Amino acid sequence: MKTFEFGYGKGTQKVDLPEEHIIYDLYGKKVAVEKDIAAAALTALRNPIDSKPLSEIVKPGKRLPSLSAMKPACAIQTSSFLL
């Protein structure tokens, strides 16, 4: 058995899995937590990776899909954007 520990709510949750069911472990690199989520989101929208900024793609009168329907690059807390 191998034990994995995941963030869950304000704490963690441990899960034991039989090693024969584990193909590989995938770990992300450690990064700093954004203090200003709204500013970071605006920066990402204005400077996307491998794409033109939305302001260059979307012109007045043009329709686009809801941002909530797009695949997120990372998990974000939506309530941080509500005013």
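Everything here concerns the structure above.
These notes cover the structure that comes with them. (Residues numbered from 1 in each chain as written. Predicted model: local features only at pLDDT ≥ 70, side-chain atom pairs only at ≥ 80, totals over all residues. Heavy atoms only, no water.)

1. Brief notes about the overall build of the protein chain
Within the protein chain one finds two helices and two strands. Secondary structure elements in the protein chain, listed N-terminal to C-terminal, are β-β-α-α. Pairs at least 24 residues apart make up 11% of the contacts formed inside the protein chain by residues separated by at least 6 positions. Total accessible area computed for the protein chain in this model is approximately 8300 Å², and 59% of it derives from carbon and sulfur atoms. (Helix = DSSP H or I, 4+ residues; strand = E, 2+ residues; numbered from the N terminus. Contact = heavy atoms within 4.5 Å. Areas by Shrake-Rupley, 256 points an atom, 1.4 Å probe, with all protein chains shown as cover.)

2. Points about the layout of surface pockets
By volume, the second largest pocket is sized at about 190 Å³. Around the second largest pocket, the lining residues are K2, T3, F4, E5, F6, D25, L26 and Y27. A per-class count over the lining of the second largest pocket returns four nonpolar, one polar and three charged. (1 Å grid on protein atoms, 1.4 Å probe; cavity = no way out; pocket = protein on both sides within 12 Å on 5 of 7 lines; lining within 4 Å. Points joined across faces, edges and corners; volume = space filled by probe spheres on them. Nonpolar A, V, L, I, M, F, W, Y, C, P; charged D, E, K, R; others polar.)

3. Here we look at the packing of aromatic side chains
Remark: the centre distance and the inter-plane angle together describe each pair of aromatic rings, the angle taken between the planes. Applying the stated criterion across every chain yields a total of one aromatic pair. Centre to centre, the rings of F4 and F6 are 6.4 Å apart; their planes meet at 25°, and the pair counts as stacked. Given a relative accessible area of 47%, F6 falls into the partly exposed group. (Phe/Tyr/Trp six-rings, centres within 6.5 Å; stacked < 30°, edge-to-face > 60°. Buried < 20%, exposed > 50% of the residue type's maximum accessible area, 1.4 Å probe, protein only.)

4. Examining a nonpolar patch on the surface
On the surface, a nonpolar cluster with roughly 290 Å² of combined accessible area is contributed by L42, L45, L54 and I57. Inspection of the secondary structure assignment puts I57 in helix α2 (residues 54–57). I57 gets classed as partly exposed once you look at its relative accessible area, which sits at 35%. (Patch = residues over 30% accessible without salt bridge, like charges linked within 9 Å, V, L, I, M, F, W, Y side chains within 5 Å. Salt bridge = Lys/Arg side-chain N within 4 Å of Asp/Glu carboxyl O.)

Without other data, these values stay purely geometric and don't point to any function.
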